[in-house]
Amino acid sequence: MADELEEVRRLVEAIEAFEAIEDDEACAVAVSQALAKWPDQHSKLRDLRQRRVQSLKAQGKTWAEIGALLGGISAARAQQIGAGLSGASRKKLKAEE
């Protein structure tokens, strides 16, 4: 993908590197170690995205503009990201209604 950010490319390459580990035991151990760290890293990425979306909104961008920047998501979803609502929390809120 020509417009893929360098950081995204490196993350994808790191994940693909697990597939290149020929030894099944070594691969399983490496993937398990990465997955053990993933929940904290995933939370950090979500928090970082939320803060940056809030910053973009504070700079005057519309939710539609922010949604377009985030890969063409809806303005409503961009607003939910800014509010810190994940898919799981949206489903929980909907179920409670």
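Look a little higher up for the structure.
Here the structure is a predicted model, which means the values were calculated and not measured.

(A) Inspection of the pattern of salt bridges at higher detail. Per the counting criterion, the structure on display carries 3 salt bridges. We note a salt bridge from R10 to E6, for which the minimum N-O separation is 4.0 Å. On the criterion of helical spacing, the pair formed by R10 and E6 is a turn pair, its members being 4 residues apart in helix α1 (residues 6-20). Classification of R10 as partly exposed rests on a relative accessible area of 47%. The partner of R9 in a salt bridge is E13, with the nearest N and O atoms 2.3 Å apart.

(B) Seen up close, a nonpolar patch on the surface. A cluster of nonpolar residues, L35, W38, L45 and L48, forms a patch on the protein surface that exposes about 380 Å² of accessible area. By the secondary structure assignment, L48 is in helix α2 (residues 24-58). For L48, a relative accessible area of 35% corresponds to the partly exposed category.

(C) Structural context of the environment of W63. With respect to the element layout, W63 can be found in helix α3 (residues 63-69). For the pair W63 and A78, spaced 15 residues apart in sequence, the C-alpha to C-alpha distance is 5.9 Å. Among all residues touching W63, those that are not within four sequence positions of it are V53, K57, A75, A78, Q79 and G82.

Cut-offs applied
- Residues numbered from 1 in each chain as written.
- Predicted model: local features only at pLDDT ≥ 70, side-chain atom pairs only at ≥ 80, totals over all residues.
- Heavy atoms only, no water.
- Salt bridge = Lys/Arg side-chain N within 4 Å of Asp/Glu carboxyl O.
- Helix = DSSP H or I, 4+ residues; strand = E, 2+ residues; numbered from the N terminus.
- Buried < 20%, exposed > 50% of the residue type's maximum accessible area, 1.4 Å probe, protein only.
- Patch = residues over 30% accessible without salt bridge, like charges linked within 9 Å, V, L, I, M, F, W, Y side chains within 5 Å.
- Areas by Shrake-Rupley, 256 points an atom, 1.4 Å probe, with all protein chains shown as cover.
- Contact = heavy atoms within 4.5 Å.

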